[in-house]
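# Topology and contacts: notes
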Amino acid sequence: EIQQELNALQGSSQRIDTITEELKREAQQLWTLAEEISHKRQQAAQKLKKFIEQELATIGMKKTGFFTMVQKVERPASEDASCGLGGLYARGMDTAEFYIAPNVGEEPRPLSKIASGGELSRIVLAIKKILAGHYRVGTLLFDEVDAGIGGAVAESVGEKLKEISRTHQVLCITHLPQIACFGIAHFSVRKCIQDGRTVTSVKLLDDDERLHLGRQRLVSV
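Residues numbered from 1 in each chain as written. Predicted model: local features only at pLDDT ≥ 70, side-chain atom pairs only at ≥ 80, totals over all residues. Heavy atoms only, no water.

### Remarks on the overall build of the protein chain
How we decide: Think of it this way: any DSSP run of H or I at least four residues long counts as a helix, any run of E at least two long counts as a strand, and we number them from the N terminus. When we talk radius of gyration, it's over C-alpha atoms, and the globule rule is simply 2.2 Å times the number of residues to the 0.38. For each residue, the accessible area found with a 1.4 Å probe, counting protein chains only, is set against the maximum for its type, and the residue is called buried under 20%, exposed over 50%, and partly exposed in between. Using the Shrake-Rupley algorithm and a 1.4 Å probe, accessible areas are obtained, with residue cover drawn only from the displayed protein chains. When charges are counted, Lys and Arg contribute as positive and Asp and Glu as negative, whereas His and the chain ends are disregarded. A single reference atom marks each charge: NZ on Lys, CZ on Arg, CG on Asp, CD on Glu.
Assigned secondary structure in the protein chain consists of 7 helices and 8 strands. By the compact-globule yardstick of 17 Å for 221 residues, the protein chain is too spread out, its C-alpha radius of gyration being 27 Å. Seen through its principal axes, the protein chain has C-alpha atoms that stretch 90 × 55 × 30 Å. Evaluated residue by residue, the protein chain yields a buried proportion of 29% over its 221 residues. For the protein chain, the exposed surface amounts to about 14,800 Å²; the carbon and sulfur share of it is 53%. Across the protein chain, 29 positive and 29 negative side-chain charges occur, with their mean positions spaced 7 Å apart.

Here's what the structure looks like:
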């Protein structure tokens, strides 16, 4: 046992060299795969741009340009094996951010910084519409999708939700009749105080109640 332990100690340098070379090979393979993923991500970004701009054109954002800015990290130049994976993420070597150009001739800017509530709600709706076929869940919930919109734009948003409902169950919380009218069933959501506590109630509406609900909040299904 002592001899085996001695041999292990004496051969540690060789084992370190072997493990280091193996680590370098694995790191090289990971960087190669990350490059392939990055290339596919760039291609997908161009497809997403085309699809989203087509969807936005139908909901009052015809001139809006949509972009996905994909930034690749640089591979460390160090030969140190411990640095070989520096910069890699669980999903590759990229970071991505959505940009928009709301008006022709403007430079694209980060969606998170310049989009209004109405623009953001419609862009999210467009993204969900495009990706709906890939969702593993059967129900999609939309809350405040009507923020900052009205009139014909609201009606086009309702039509878009109706399209999604052909393949998924859609729950939409809305204040707008232009959107609610596309629902098959409607629920009234109310809050009241019972025994000193706030209680939320949900009631399925019949045809008369649907017509006379007025400006109260609706949940459409």
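### A closer look at the side chain of serine 188
Put simply, the rule is: Here a polar contact means two N or O atoms within 3.5 Å. Within protein one must be a hydrogen donor candidate and the other an acceptor candidate, and residues neighboring in sequence count only if both atoms are side-chain atoms.
With respect to the helices and strands, serine 188 occurs in strand 6 (residues 186-194). Only 3.4 Å separates the side chain of serine 188 from the side chain of arginine 190, close enough to count as a polar contact.

### With respect to the pairing of strand 4 (residues 139-143)
Note the following rule: Strand pairing is assigned whenever DSSP identifies at least 2 bridges connecting the two strands. By the criterion used throughout, a crossover qualifies as right-handed when its path from the first strand across the helix to the second strand runs clockwise, the strands pointing away from the viewer.
Burial along strand 4 is one-sided: Leu140 and Phe142 are buried, while Thr139, Leu141 and Asp143, pointing the other way, are not. Where strand 4 and strand 5 (residues 169-174) come together, 5 bridges link them in parallel fashion. Residue pairing in the sheet places threonine 139 in a bridge with glutamine 169 of strand 5. With helix 5 (residues 151-164) bridging strand 4 and the parallel strand 5, this β-α-β connection has right-handed handedness.

### Observations regarding helix 2 (residues 12-57)
The test is simple: Expected helix span is computed as 1.5 Å times (number of residues minus one). Contact criterion: two residues are considered in contact whenever any of their non-hydrogen atoms come within 4.5 Å of each other.
Here helix 2 is 46 residues long and its end C-alpha atoms lie 65 Å apart, about the 68 Å a rise of 1.5 Å per residue gives. Here helix 2 has its buried residues at Ala27, Trp31, Ala34, Ser38, Ala45, Leu48, Lys49, Ile52, Glu55 and Leu56. Contact partners of the buried residues in helix 2: strand 1 (65-72), strand 2 (94-101), helix 4 (117-131) and helix 5.

### Describing the sheet that holds strand 2
Our working definition: Here the axes come from fitting lines to C-alpha atoms, over the contacting stretch only for helices, and the angles between their N-to-C directions go from 0 to 180 degrees.
Reading across from one edge, 1-2-3 is the order of the 3 strands in this open sheet, with antiparallel pairing throughout. A single partner strand is all that each edge strand has here, and the edge strands are strand 1 and strand 3 (109-110). Here 8 bridges tie strand 1 to strand 2, and the two strands are oriented antiparallel to one another. The residue bridging glycine 65 from the neighbouring strand is alanine 101, located in strand 2. Against the sheet, helix 2 contacts strand 1 and strand 2, and its axis sits at roughly 170° relative to strand 1.

### Looking at the packing of aromatic side chains
Quick note on the threshold: Planes of paired rings set the category: under 30 degrees apart is stacked, over 60 is edge-to-face and the rest tilted, where pairs are Phe, Tyr or Trp rings (Trp by its six-membered ring) whose centres lie within 6.5 Å. Charge over a ring is defined by NZ of Lys or CZ of Arg lying within 6 Å of the ring centre and within 35 degrees of the ring normal.
For the structure on display, the rule yields 1 aromatic pair. Seen in terms of ring centroids, phenylalanine 66 and phenylalanine 98 are 5.1 Å apart; in terms of plane orientation they differ by 50°. Their pairing is tilted. Taken together, the positions of phenylalanine 66 in strand 1 and phenylalanine 98 in strand 2 put the pair 32 residues apart, joining distant regions of the chain. The class for phenylalanine 98 is partly exposed, based on a relative accessible area of 31%. A cation over an aromatic ring shows up here: lysine 128 above the ring of phenylalanine 142, its NZ or CZ 5.0 Å from the ring centre.

### Concerning the nonpolar core
Selection criterion: To qualify as a nonpolar core, a set must consist of buried Ala, Val, Leu, Ile, Met, Phe, Trp, Tyr and Cys residues joined through side-chain atoms within 4.5 Å.
Within the largest apolar cluster, 25 residues are counted, with the highest numbers of intra-cluster contacts made by Ile123, Phe142, Val145, Val157, Leu161 and Ile179. Going through the elements one at a time, helix 2, helix 4, strand 4, helix 5 and strand 5 are the ones with two or more residues in this core. With near-sequence residues (within four places) excluded, isoleucine 179 lies in contact with Val145, Asp146, Ala154, Val157, Gly158, Leu161, Cys172 and Thr174.

### Some remarks on the packing of helix 2 against helix 4
Stated formally: Angular relationships are summarised with four words: roughly parallel below 35 degrees, roughly antiparallel beyond 145, roughly perpendicular across 65 to 115, and oblique for the angles in between. In this scheme the crossing of two helices becomes right-handed for a clockwise turn of the near helix relative to the far one and left-handed for an anticlockwise turn of less than a right angle. Under the grouping applied here, Gly and all other residues not named as nonpolar or charged are polar, the nonpolar ones being Ala, Val, Leu, Ile, Met, Phe, Trp, Tyr, Cys and Pro and the charged ones Asp, Glu, Lys and Arg.
Their axes nearest at 9 Å, the elements helix 2 and helix 4 cross at an angle of 125°. Accordingly, the angle class assigned to the pair helix 2 and helix 4 is oblique. Judged by the twist between their axes, the crossing of helix 2 over helix 4 is right-handed. Here helix 2 contributes Phe51, Ile52, Glu55 and Leu56 to the contact with helix 4, which in turn contributes Arg122, Ile123, Ala126, Ile127, Lys129 and Ile130. The residue makeup of the contact of helix 2 with helix 4, split by class, is 7 nonpolar, no polar and 3 charged.

The quantities given are spatial measurements derived from coordinates; they are silent on function.
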